[in-house]
Amino acid sequence: MATVRTIRDYLESRVPAHLKLDFDNVGLLVGMTDRQVTKALVSLDITREVIAEAAEWGAELIVSHHPLFFDLKRITDDDLTGRKIIGLISAGISAICLHTNLDAVEGGVNDALMALLGGRVTGLLNQQGVTPEGKPYGISRIGELESPMEFDSFLARVKSALNAAGLRYYNAGRPVFKLAVCGGSGGGDLPPAASAGCDTFVTADVKYDQFLAARDYGINLIDAGHFCTENVVTPVIVSLLKKGFPEIEVKISSKHKQIDSYY
């Protein structure tokens, strides 16, 4: 029988919490550990719309990438986070969040992102630590395409593969072959990407000064959006859940979409 507890423990064994960054908050953040689970909804974020979707579908569990909260001191209906937590508990829905540990784990966000862009991972961009088994781990990845591509053709591939509403980019005039990726806010990894000899870096939430730095480094820089560069992991979560608990129904939220638009 699948319960919130057994699903939490299973996901922890596949996506260990020790891979997370120090600031992070992962695992079972809201819920009833012994509640039986027959349906689980997967979403990048737990929004009001996602909670309503889960309740309408009859799901007992939401598994998301982004945590509901980090530093929480009170739960009231005076703020958005409090209302979401109250809504979850009132509907009998638990919430498990896999964040930077899912970014770093093998087969997680950044391996999925690299694969969707047609690349083969060749290593870590920067090492975050070492597992108890002695294996290095980190979030950002370095990889290579099967063959070099013109930058404009690669831009079209990124937009299509990630179903992005639009892209922000700096074109350094280099073909794309050796690239680095970091799903979500990864602009800080631009210097190591350039130092590693990458011709292209794909990430999100890029700041103005980071675009200026890309020009100085002579590296192509693509901001494909936070949602689009990380939502690639939702099918991975679905596969994990279906493999561990074939008896429960699992699906990706149909309500949660890229929120930013392009004029």
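Structural notes, computed from the coordinates. Residue positions within a chain follow its written sequence, with the count starting from 1. Predicted model: local features are reported for residues with pLDDT of at least 70 only, side-chain atom pairs are reported and counted for 80 or more only, and whole-chain, interface and lining totals are derived from all residues. Processing note: side-chain calculations cover all non-hydrogen atoms of the structure and skip hydrogens and water entirely.

1. Here we look at the overall build of the chain
Counting from the N terminus, the helices are the DSSP runs of H or I reaching at least four residues and the strands are the DSSP runs of E reaching at least two. When its secondary structure is counted, the chain shows 10 helices and 13 strands. Here the radius of gyration uses the C-alpha set of atoms, whereas the globule reference equals 2.2 Å times the residue count to the power 0.38. In terms of overall size, the chain behaves like a compact globule, its C-alpha atoms giving a radius of gyration of 19 Å where 263 residues would be expected to give roughly 18 Å. The principal-axis extent of the C-alpha atoms belonging to the chain is close to 55 × 45 × 35 Å. For the chain, with 263 residues in total, the buried portion stands at 51%. Contacts in the chain between residues far apart in sequence, at least 24 positions, make up 66% of those at least 6 positions apart. Each accessible area is a Shrake-Rupley result for a 1.4 Å probe, and residues are judged covered by the shown protein chains and nothing else. Only carbon and sulfur atoms are counted for the fraction: they give 50% of the accessible area of the chain, which is about 12300 Å². Each residue gets one of three labels from its accessible area relative to the maximum for its type: buried under 20%, exposed over 50%, partly exposed in between, using a 1.4 Å probe on protein chains only. Note on contacts: a residue pair is in contact if any heavy atoms of the two residues lie within 4.5 Å.

2. Examining the nonpolar core
Here the nonpolar core consists of buried residues drawn from Ala, Val, Leu, Ile, Met, Phe, Trp, Tyr and Cys, with membership extended through side-chain atoms lying within 4.5 Å. Residues Ile7, Leu11, Val63, Leu102, Phe201, Leu241 and Ile248 are the most contacted members of the largest nonpolar core, which totals 41 residues. Only α1 (4-14), β2 (39-43), β3 (61-64), α4 (100-104), β10 (176-185), α7 (190-195), α8 (208-217) and α10 (234-244) provide two or more residues apiece to this core. Once residues within four sequence positions are removed from consideration, Phe201 is found in contact with Ala180, Val181, Cys182, Gly186, Gly187, Asp189, Leu190, Ala193, Ile219, Asn220, Leu221 and Ile222.

3. Here we look at the packing of aromatic side chains
Aromatic rings from Phe, Tyr and Trp, with only the six-membered ring used for Trp, were paired whenever their centres fell within 6.5 Å, and each pair was classed as stacked if the ring planes differed by under 30 degrees, edge-to-face if by over 60, and tilted otherwise. Counted under the stated rule, the structure contains 3 aromatic pairs. Seen in terms of ring centroids, Tyr10 and Phe245 are 5.1 Å apart; in terms of plane orientation they differ by 80°. Their pairing is edge-to-face. On the criterion of sequence distance, the pair formed by Tyr10 in helix α1 and Phe245 in the loop between α10 and β13 (249-252) is long-range, its members being 235 residues apart. Phe245 gets classed as buried once you look at its relative accessible area, which sits at 9%.

4. Some thoughts on the sheet that holds strand β8 (residues 141-149)
With respect to topology, 6 strands assemble into an open sheet ordered β5-β8-β10-β11-β12-β9, the strand pairing being mixed. The open sheet is flanked by β5 (119-124) and β9 (168-170), the only strands paired with a single partner. Pairwise comparison of adjacent strand axes, ignoring direction, gives a mean angle of 25° for this sheet. For two strands to be treated as a pair, DSSP must find no fewer than two bridges joining them. Where β10 lies against strand β11 (residues 200-204), 4 bridges are found, and the strand directions are parallel. Each residue of the ladder has a partner; that of Val181, found in β11, is Val202. Note on method: axes are straight lines fitted to C-alpha atoms, helices fitted across the in-contact stretch only, with angles between N-to-C directions ranging 0 to 180 degrees.

5. Some thoughts on the pairing of strand β4 (residues 94-97)
Judged by which residues are buried, β4 turns out to be covered on both faces: Ser94 and Ile96 on one side and Ala95 and Cys97 on the other are all buried. In this structure, strand β1 (residues 27-30) lies alongside β4, joined through 3 bridges in antiparallel fashion. Residue pairing across strands places Val30 opposite Ala95, the latter belonging to β4. Looking at chain direction, β3 and β4 are connected through 4 bridges and run parallel. Bridge assignment links Ile62 to a residue of β4, and that residue is Ala95. We call a crossover right-handed when, viewed with the strands running away from us, the connection from the first strand over the helix to the second turns clockwise. In this fold, β3 hands off to helix α3 (residues 80-90), which returns the chain to β4; that crossover is right-handed.

Nothing here speaks to function; it is geometry throughout.
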